[in-house]
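Fold and geometry: a report
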Amino acid sequence: MPELPEVETVKRGIAPILEGNTLTKIITRRDKIRIAIPQDFISRCEGQEILQVVRKAKYLLLYLGSGDVIICHLGMSGRISLTSAKARKEPDIYEKHDHVIFETDKGDLVIYNDPRRFGIMTICHENDLETHRFFKDMGSEPLGNEFNGSSLYAKLKSKKTTLKTALLDQRVVVGMGNIYVCEALFDTGIAPERRACDLGQNKCEELVRNIREILERAIKAGGSTLKDYAQVDGELGYFQHSFKVYGREGEQCATKGCSAPIERITQSGRSTFYCPRCQN
DNA sequence: CAAAGCTCCTGACCGC
DNA sequence: TGCGGTCAGGAGCTTT
């Protein structure tokens, strides 16, 4: 499933295709994905120049010349593929789960495909972005300056829930999904079931460093794939080979000198993988 | 308020 | 081979 690094990879893939070009034709093949695609979505997009493509948390934002912003989220299984109108012999024949198609004046097609339909495609004026329900309570970007040991410590201090759940909470820090939260807690040697408010300042610093490192490494690797994610050019990424705990239930812990098997538990209805010996 | 539960959805997987 | 049942999971919304 796309987490921050994968969305960043998609952003870098589509930006050169879209920025500075004009949307000549939009096709929506259903009324809603997870939420309704606005009735006026097409009319607000067609004819507009795309000024800039931005990643905000796990959202992709397409800033248009009109001041509108296309908001796109890949959900669990969303992917974006690139092709050209010319390459499609029959341009009106699309694949299953192709929900939205963007065509530019250069003849490029950007296709949003999402089998599980947990994704989002909507539009909002840039003046309303700040107060938009998707963004108003959003926590800090994990790769930004405002995310640091003391700010994380302050956020966690009031939380009696577990660390695993707190780090998945987008009001604390954005962009962290199930995989990277598991990995970051393993790297920092913290048990996922510990209460968030019990984490000391020093451990917060270490956790922040590890989160940054793991995300940056994943971005460099071009994002992970995990079964249902393909890079924007259609080629599979490879970061999934370096998960240390995620999806490794029963396997031996990767830490030198530790032979404990990785355990899987459920927290807030989601799988958590961890080493019961290395993480305390 | 915080925290837990609910919800959207399909494909993969399992046992029969 | 086909068929039900189960599960996964992002994150906003609703309920407690």
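Above this note sits the structure.
The structure presented is a predicted model; accordingly, all values stated were derived computationally and were not measured.

1. A look at the pairing of strand β8 (residues 120–125)
Within β8, 5 of the 6 residues are buried, leaving the element largely enclosed by the surrounding structure. Relative to β8, strand β4 (residues 68–73) is paired through 6 bridges, and the arrangement is antiparallel. Directly across from Ile71, in β8, lies its bridge partner Thr122.

2. Looking at helix α6 (residues 201–220)
Its 20 residues give α6 an end-to-end C-alpha distance of 29 Å, which sits within 8% of 28 Å, the value for a rise of 1.5 Å per residue. For α6, the secondary structure elements touched by its buried residues are α1 (4–18), α3 (149–157), α4 (163–168) and α5 (178–188).

3. Focus: empty space enclosed by the protein
In this structure the tally under the stated criterion is 2 cavities of 30 Å³ or more. Of the volumes computed, that of the largest cavity is approximately 90 Å³. For the largest cavity, the full set of lining residues is Ile14, Leu18, Leu60, Leu62, Ile70, Cys72, Ile80, Phe102, Val110, Ile111, Tyr112 and Met121. Sorting the residues of the lining of the largest cavity by element identifies α1, β3 (59–64), β4 and β7 (108–113) as the ones contributing at least two each. With 3 residues, the single largest contributor to the lining of the largest cavity is β7. Here the residues of the lining of the largest cavity sort into 12 nonpolar, no polar and no charged.

4. Notes on the packing of aromatic side chains
Summed over the entire model, instances satisfying the criterion amount to 7 aromatic pairs. A centroid spacing of 5.4 Å and a plane angle of 20° characterise the contact between Tyr59 and Phe134, whose relative ring orientation is stacked. Here Phe134 lies in the loop between β8 and α3 and Tyr59 lies in strand β3, a separation of 75 residues in the sequence. Both residues of the pair, Tyr59 and Phe134, count as buried. Relative to Phe243, the ring of Tyr180 lies with its centre 6.3 Å away and its plane at 80°, an arrangement referred to as edge-to-face. Remark: Phe243 occurs in the loop between α6 and β9 (263–267) and Tyr180 occurs in helix α5; sequence separation between them is 63 residues. Across the pair, Phe243 and Tyr180 agree in class, each one buried.

5. Points about the sheet that holds β7
Read across the open sheet, the 4 strands follow the order β1-β6-β7-β5; overall the sheet is antiparallel. If you trace the sheet from one side to the other, it starts and ends with β1 (23–28) and β5 (79–84), each paired once. Ignoring strand direction, the axes of neighbouring strands in this sheet form an average angle of 15°. The pairing of β1 with strand β6 (residues 98–104) spans 5 bridges and is antiparallel. Each bridged residue has a counterpart across the sheet, and for Ile27 the counterpart in β6 is Ile101. Here α1 sits on the sheet in contact with β5, β6 and β7, set at roughly 30° to β5.

6. Brief notes about the nonpolar core
In summary, soluble globular proteins display a tendency toward joint burial of nonpolar side chains. The biggest cluster of nonpolar side chains holds 36 residues, and the ones touching the most others in it are Leu152, Leu156, Met176, Tyr180 and Leu207. If you list the elements that add at least two residues to this core, you get α3, α4, α5 and α6. The contacts of Met176, once residues within four sequence positions are left out, are Glu3, Lys58, Leu167, Leu168, Gln170, Val181, Ala184, Ile211 and Leu215. With 26 residues, the next largest nonpolar core counts Leu62, Cys72, Leu74 and Phe102 among its residues.

How each quantity is defined
- Residues numbered from 1 in each chain as written.
- Chains lettered and ligands numbered in written order.
- Predicted model: local features only at pLDDT ≥ 70, side-chain atom pairs only at ≥ 80, totals over all residues.
- Heavy atoms only, no water.
- Buried < 20%, exposed > 50% of the residue type's maximum accessible area, 1.4 Å probe, protein only.
- Helix = DSSP H or I, 4+ residues; strand = E, 2+ residues; numbered from the N terminus.
- Pairing = 2+ DSSP bridges.
- Expected span 1.5 Å × (residues − 1).
- Contact = heavy atoms within 4.5 Å.
- 1 Å grid on protein atoms, 1.4 Å probe; cavity = no way out; pocket = protein on both sides within 12 Å on 5 of 7 lines; lining within 4 Å.
- Points joined across faces, edges and corners; volume = space filled by probe spheres on them.
- Nonpolar A, V, L, I, M, F, W, Y, C, P; charged D, E, K, R; others polar.
- Phe/Tyr/Trp six-rings, centres within 6.5 Å; stacked < 30°, edge-to-face > 60°.
- Axes fitted to C-alpha atoms, helices over the stretch in contact; angles between N-to-C directions.
- Core = buried A, V, L, I, M, F, W, Y, C linked by side-chain atoms within 4.5 Å.

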